[in-house]
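Coordinate inspection notes
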Amino acid sequence: MIALVTGASSGLGAAAARRLAREPGARLVLVARRRERLEELAAELGGATVLAADLTAPDTPARVAAAVEREHGRLDLLVNSAGTPGRGSFGRGGWSGMQATMAINFDSHVRLTEALLPLLRRSAPSAIVNVASVAARVARASSGDYSASKFALAGWTEALHLEERKRGVHVGLILPGFVVTEGFPQRELAARRLTRWMLSTEDKVAEAIVDAGLRRKAERYVPRPYALVPVVRTLAPPLYRWAVGGGRRFTPSTATNPMERDQSPGGPA
């Protein structure tokens, strides 16, 4: 199995690479901007193809596709997990902040998938796994650009799932909630006993990626109870708005929201 993981230098991407490396016969292609981090991970895994690249650069998709074709000749799994937490409120970040977040969290996944789709079709049965977020189903203040990018990713993933299944390319969607990673330390939630249960781990998300990619699940929330969040949003909108707006006991305050900080790609929830 040849598996390519983006955002593999840290966070969910690195966790996914470690989990996939345990699969029999797995050979990994690691993509991210930080070459040193990728080389360290490749050494830890006993070897992997390292492609240091900025996924937002115009020539990156073609370069990555050419490298995979040249070195492996096939691709069984593409995991799009690179991303950024966003730039905060629209009043603060404006269109430029929205554009920057969309470029990483949505556009880069679409562009790389386009470049690799012919190879995935030739390698079928194969799979694509897009790592979105519960924020792809519901939104909170000061994270509009992040949610917009994840809503777009979820919508495109669902359409692609229907389009490509007849060609043997499975497309799955991962929807993590609050996950403790290098870029998302979640200190506020972790500090409070009332909200600590809401946190998940990189390893659990990595296992969900395996479920979607290798066991061909269409959609996975991590942890699973987060699937109730969009249900509450649909059935009881006032309760949802109170919880994410005025109910500070249940969600982090926007002042310390990690989505307010810029971050290089590498594993957002």
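You'll find the structure just up there.
Source: prediction; values computed, not measured. (Residues numbered from 1 in each chain as written. Predicted model: local features only at pLDDT ≥ 70, side-chain atom pairs only at ≥ 80, totals over all residues. Heavy atoms only, no water.)

1. So, the overall build of the chain
Helices and strands together make up the secondary structure of the chain, namely 10 helices and 9 strands. The C-alpha atoms of the chain give a radius of gyration of 18 Å, which matches the 18 Å a tight globule of 269 residues would have. Expressed along its principal axes, the backbone C-alpha trace of the chain runs to roughly 55 × 40 × 35 Å. Counting across all 269 residues of the chain, residues that qualify as buried make up 55%. Summarising the internal contacts of the chain: among those between residues at least 6 apart in sequence, 71% fall at separations of at least 24. For the chain, the distance from the average site of its 37 positive side-chain charges to the average site of its 25 negative ones is 6 Å. (Helix = DSSP H or I, 4+ residues; strand = E, 2+ residues; numbered from the N terminus. Rg over C-alpha atoms; globule rule 2.2 N^0.38 Å. Buried < 20%, exposed > 50% of the residue type's maximum accessible area, 1.4 Å probe, protein only. Contact = heavy atoms within 4.5 Å. Lys, Arg positive; Asp, Glu negative; His and termini not counted. Charge placed at Lys NZ, Arg CZ, Asp CG, Glu CD.)

2. Re the pattern of salt bridges
Taken as a whole and judged by the stated rule, the model has 15 salt bridges. Residues Glu219 and Arg137 are paired through a salt bridge, measuring 2.8 Å at the closest nitrogen-oxygen approach. Of this pair, Glu219 sits in strand β9 (residues 219–222) while Arg137 is found in the loop between β5 (126–131) and α5 (144–164), placing the two residues 82 residues apart along the sequence. Assessed through its relative accessible area of 37%, Glu219 is described here as partly exposed. (Salt bridge = Lys/Arg side-chain N within 4 Å of Asp/Glu carboxyl O.)

3. Some points on the packing of helix α4 (residues 90–122) against α5
A pair of packed helices is captured by two measures, namely the crossing angle of their axes and the spacing between those axes. Contact pair α4 / α5: the axes reach a minimum separation of 8 Å and the direction vectors enclose 20°. By the criterion of interaxial angle, the relationship of α4 to α5 is roughly parallel. Our pair here, α4 against α5, has a crossing hand that is right-handed. Where α4 approaches α5, its residues Gly97, Met98, Thr101, Met102, Asn105, Phe106, His109, Val110, Thr113, Leu117 and Arg121 are matched on the opposing element by Gly144, Asp145, Tyr146, Ala148, Ser149, Lys150, Ala152, Leu153, Trp156, Leu160 and Glu164. Partitioning the contact of α4 with α5 into residue classes produces 11 nonpolar, 7 polar and 4 charged. (Axes fitted to C-alpha atoms, helices over the stretch in contact; angles between N-to-C directions. Parallel < 35°, antiparallel > 145°, perpendicular 65-115°, else oblique. Left-handed = near helix turned anticlockwise from the far one by under 90°. Nonpolar A, V, L, I, M, F, W, Y, C, P; charged D, E, K, R; others polar.)

4. Some details on the sheet that holds strand β4 (residues 77–80)
Strands in a sheet are paired, the pairing made by backbone hydrogen bonds, and the direction either parallel or antiparallel. On the basis of which strands lie adjacent, the open sheet formed by 7 strands has the order β3-β2-β1-β4-β5-β6-β9 and parallel pairing. Pairing within the sheet leaves two strands with one partner each, and these edge strands are β3 (49–52) and β9. Between one strand and the next, the sheet's axes are offset by a mean angle of 15°, whatever the strand orientation. By the bridge criterion, 4 bridges tie strand β6 (residues 169–176) to β9 in an arrangement that is parallel. By the bridge assignment for β9, Leu175 is matched with Tyr221. Running at roughly 165° to β3, helix α3 (residues 60–71) makes contact with β1 (2–6), β2 (27–32) and β3 of the sheet. (Pairing = 2+ DSSP bridges.)

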